[in-house]
Amino acid sequence: MKKALVCGAGGFIGGHLVRQLKKEGYWVRGVDLKKPEFSPSAADEFLILDLREEKNCQTAILGPNHESFDEVYQLAADMGGMGFIHAAECEIMHNSALINIHMIHSSANAGVKRYFFSSSACVYRDMEYNELELSEENAYPALPDNEYGWEKLYAERMAMAYGRRFGLTIRLARFQNCYGPEGTWKGGREKAPAALCRKIAEAKDNDTIEIWGDGTAMRAYTYIDDMIEGIRMLMDSDIENGVNIGRQEYVSVDELAKTIAEISGKKINLKHIEGPVGVKARNFRIDRISSLGWISQFSLRDGLTKTYSWIKDQVEINKSN
Ligand code: NAD
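An account of the accompanying structure is given in this report. From a predicted model like this one, the values you see are computed outputs, not experimental measurements.

**A short note on the pairing of strand S2 (residues 27-32)**
Logical step 1: By the criterion of burial, S2 is predominantly enclosed, with six of the six residues buried.
Logical step 2: Alternating residues of S2 divide into Trp27, Arg29 and Val31 and Val28, Gly30 and Asp32, and every residue in both groups is buried.
Logical step 3: In this structure, strand S1 (residues 3-7) lies alongside S2, joined through five bridges in parallel fashion. The partner of Ala4 across the bridge, within S2, is Val28.
Logical step 4: Of the pairings in the sheet, the one linking S2 to strand S3 (residues 45-48) comprises four bridges and is parallel in character. Counterpart to Asp32 in the pairing with S3 is Ile48.

**Side note on the state of the cysteines**
Logical step 1: Scanning the model with the defined rule gives zero disulfides in all.
Logical step 2: Not engaged in a disulfide, the cysteine Cys90 finds its nearest cysteine sulfur in Cys122; these two sulfurs lie 17 Å apart.
Logical step 3: Cys122 takes part in no disulfide bond, and the closest cysteine sulfur to it belongs to Cys178, at a distance of 13 Å.

**Comments concerning the sheet that holds strand S7 (residues 177-179)**
Logical step 1: Taken in spatial order, the three strands line up as S7-S9-S11 in an open sheet, and their pairing is mixed. Strand pairing shows two members of the sheet lacking a second neighbour, S7 and strand S11 (250-252), which therefore form its edges. Strand-to-strand twist across the sheet, computed as the mean angle between neighbouring axes with direction ignored, equals 50 degrees.
Logical step 2: Across three bridges, the pairing between strand S9 (residues 218-223) and S11 is antiparallel. Note that in S11 the partner of Arg219 across the bridge is Val251.

**Quick notes on the site of the ligand**
Logical step 1: Around the ligand, 27 residues are found, and the nearest of them are Ile13, Asp32, Tyr148, Lys152 and Cys178.
Logical step 2: Side-chain polar atom of Asp32 to an oxygen atom of the ligand: 2.6 Å apart, as the coordinates give it.
Logical step 3: The separation between an oxygen atom of the ligand and a polar side-chain atom of Lys152 is 2.8 Å.
Logical step 4: Alone, the ligand offers 820 Å² of accessible surface; in the complex the protein occludes 94% of this.
Logical step 5: The element best represented in the shell around the ligand is strand S5 (residues 114-120), accounting for three residues.
Logical step 6: Within the shell around the ligand, the residues separate by chemical class into 13 nonpolar, eight polar and six charged.

**Describing helix H10 (residues 300-320)**
Logical step 1: The end-to-end C-alpha distance of H10 is 30 Å, a good match for the 30 Å that 21 residues give at a rise of 1.5 Å each.
Logical step 2: Here H10 has its buried residues at Leu300, Gly303, Leu304, Thr307, Tyr308, Trp310, Ile311, Gln314 and Val315.
Logical step 3: Against the buried residues of H10 lie S7, helix H6 (192-202), S9, S11 and helix H8 (253-264).

Thresholds, definitions, all that
Residues numbered from 1 in each chain as written. Predicted model: local features only at pLDDT ≥ 70, side-chain atom pairs only at ≥ 80, totals over all residues. Heavy atoms only, no water. Buried < 20%, exposed > 50% of the residue type's maximum accessible area, 1.4 Å probe, protein only. Helix = DSSP H or I, 4+ residues; strand = E, 2+ residues; numbered from the N terminus. Pairing = 2+ DSSP bridges. Disulfide = S-S within 2.5 Å. Axes fitted to C-alpha atoms, helices over the stretch in contact; angles between N-to-C directions. Near = heavy atom within 4 Å. Polar contact = N/O pair within 3.5 Å; in protein donor to acceptor, adjacent residues only side chain to side chain. Areas by Shrake-Rupley, 256 points an atom, 1.4 Å probe, with all protein chains shown as cover. Nonpolar A, V, L, I, M, F, W, Y, C, P; charged D, E, K, R; others polar. Expected span 1.5 Å × (residues − 1). Contact = heavy atoms within 4.5 Å.

Okay, structure coming up:
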């Protein structure tokens, strides 16, 4: 039986990934600062550890019988949507870098065979509307729009350096925005799809919701099940270097809000206010992940329908508590 360690298993993508690995027959240890908020972890064992501390990374990486893990998935990060990324630059640079520094070092020393790192489309520069999609090489010359992207680039490079020195197989995914049930939906770390689902679920018919910026920023969003499939395909593959994973269905923030409003069945008015927006546009090529047979199965509308329904339930549960 293969053994996997999932760092960040108390979070959104990590929680779903643990479930998938269990379905595939792995023995899984999850590690995080916290347990998953919305449903119990599917992991065989769950350790609450602060991975900014090297000794905790060493504890996490020591298998149940002191053997090393076959696979490590490093998804732990101090992370959130655009509001958080702008407000918490130092925390992101400090906390996520420490986690990545200690985790790759401990994994290499423990003789881990395969190491997955979750990077981000934020490693790419800002783009013009209608500009040709960027491929993985276009991350260089590097000009990420925010410190979160710079930290991801550093962590990618560090993982690759350890891979070269220690013969560790590294798999690097660059995720587009990912959304779905059990993602953060309130509290300041939520991303645009979840924030808009919440605002619309809380609104009455004909209410007005606020949108940061002028609503024209173009983005693509990937449903969680598609992302999990991409992660597993990439980990099992022989593709070295970064790999973009994301659905190529581009919409403006206003279009995203209007789609969610349609799904809710409410008439919702949009009011644009000052706020952190991030890049104008971000489009990337997906030839590498597609070469493994990866195809996004969930249209934005289908994925948002599932996500809106889950967030609407959360809003109701919260009201009654
Ligand atoms: P998330 O915030 O839900 O999960 C991250 C988890 O890391 C959290 O549960 C958090 O408690 C944990 N963590 C933070 N600091 C820790 C520490 N010191 N020790 C142990 N655990 C710690 O985020 P997510 O959306 O599941 O993202 C997972 C990974 O994917 C992250 O690395 C993120 O940067 C990357 N990513 C996500 C997206 C997205 O749209 N969700 C896009 C690009 C990249």
